[in-house]
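Here's the letter readout for the chains.
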Amino acid sequence: QVQLVESGGGLVQAGGSLRLSCAASRRSAMGWFRPAPGKEREFVAAINSGGGSTAYADSVKGRFTISREAKTTMYLQMNSLKAEDTAVYYCAAAAFALGVPSSPKSYTYWGQGIQVTVSS
């Protein structure tokens, strides 16, 4: 079992920045997802267990940066935020997957979600 605790969401104006954190009880590949029309969970970004490989959705590439430290804490630095980034962001852990999976089906454990609201 992997416990995930998210923090750092909130309200910010368009063009601003926020940093999300996710503390895990065990090291694994981790990712961030958010709901999207027609999808249960839309891939945002992922990082492998060692922190050396990352992947991003095209919609956030160049604006968001995923990182990790202390092996079990993951961050999502979100810059140049847009109104369309408004969503509940979910942290996820892929206990049995290698690399940087982008499919929600590869993730076994999920956080409760944290709200990010970008005002225009």
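Since the structure is predicted, the reported quantities are computational estimates derived from the model, not experimental observations.

Caption draft 1: Region of interest: the overall build of the protein. Looking only at helices and strands, the protein features zero helices and eleven strands. Taken from the N to the C terminus, the helices and strands of the protein come in the order β-β-β-β-β-β-β-β-β-β-β. Over its C-alpha atoms the protein spans a radius of gyration of 13 Å, differing by no more than 12% from the 14 Å that the globule rule assigns to 120 residues. Dimensions of the protein, computed from C-alpha atoms along their principal axes, come out at roughly 40 × 30 × 25 Å.

Caption draft 2: Local environment of the pattern of salt bridges. Enumeration according to the criterion identifies four salt bridges in this entry. Of the charged contacts, one joins Asp-58 and Lys-61 as a salt bridge, the two residues approaching to 3.2 Å between their closest N and O atoms. Residue classification places Asp-58 among the exposed positions, given a relative accessible area of 66%. Ionic pairing is found between Arg-63 and Asp-85, a salt bridge with its closest N-O pair at 2.7 Å. With a gap of 22 residues between them, Arg-63 in the loop between β6 (54-56) and β7 (64-69) and Asp-85 in the loop between β8 (73-78) and β9 (87-94) connect regions that are remote in the sequence. Of the residues examined, Arg-63 reaches a relative accessible area of 11% and is grouped as buried.

Caption draft 3: Summary view of the side chain of Arg-63. Of the polar contacts made by the side chain of Arg-63, one reaches the backbone oxygen of Ser-59; its length is 2.9 Å. Residues in contact with Arg-63, not counting those within four places in the same chain, are Gln-77, Met-78, Asn-79, Ser-80, Leu-81, Lys-82 and Asp-85.

Caption draft 4: Representation of the side chain of Ser-28 within the structure. The topology assignment puts Ser-28 in the loop between β3 (18-24) and β4 (29-36). For Ser-28, the residues in contact, after removing those within four places along its chain, are Ser-49, Arg-68, Ala-93, Ala-94 and Ala-95.

Caption draft 5: Region of the structure containing unusual backbone geometry. Its identity as a non-glycine residue notwithstanding, Ser-80 has a phi of 50°, on the positive side. Mapped onto the secondary structure, Ser-80 falls in the loop between β8 and β9. Assessed through its relative accessible area of 41%, Ser-80 is described here as partly exposed.

Cut-offs used in this document
Residues numbered from 1 in each chain as written. Predicted model: local features only at pLDDT ≥ 70, side-chain atom pairs only at ≥ 80, totals over all residues. Heavy atoms only, no water. Helix = DSSP H or I, 4+ residues; strand = E, 2+ residues; numbered from the N terminus. Rg over C-alpha atoms; globule rule 2.2 N^0.38 Å. Salt bridge = Lys/Arg side-chain N within 4 Å of Asp/Glu carboxyl O. Buried < 20%, exposed > 50% of the residue type's maximum accessible area, 1.4 Å probe, protein only. Polar contact = N/O pair within 3.5 Å; in protein donor to acceptor, adjacent residues only side chain to side chain. Contact = heavy atoms within 4.5 Å.

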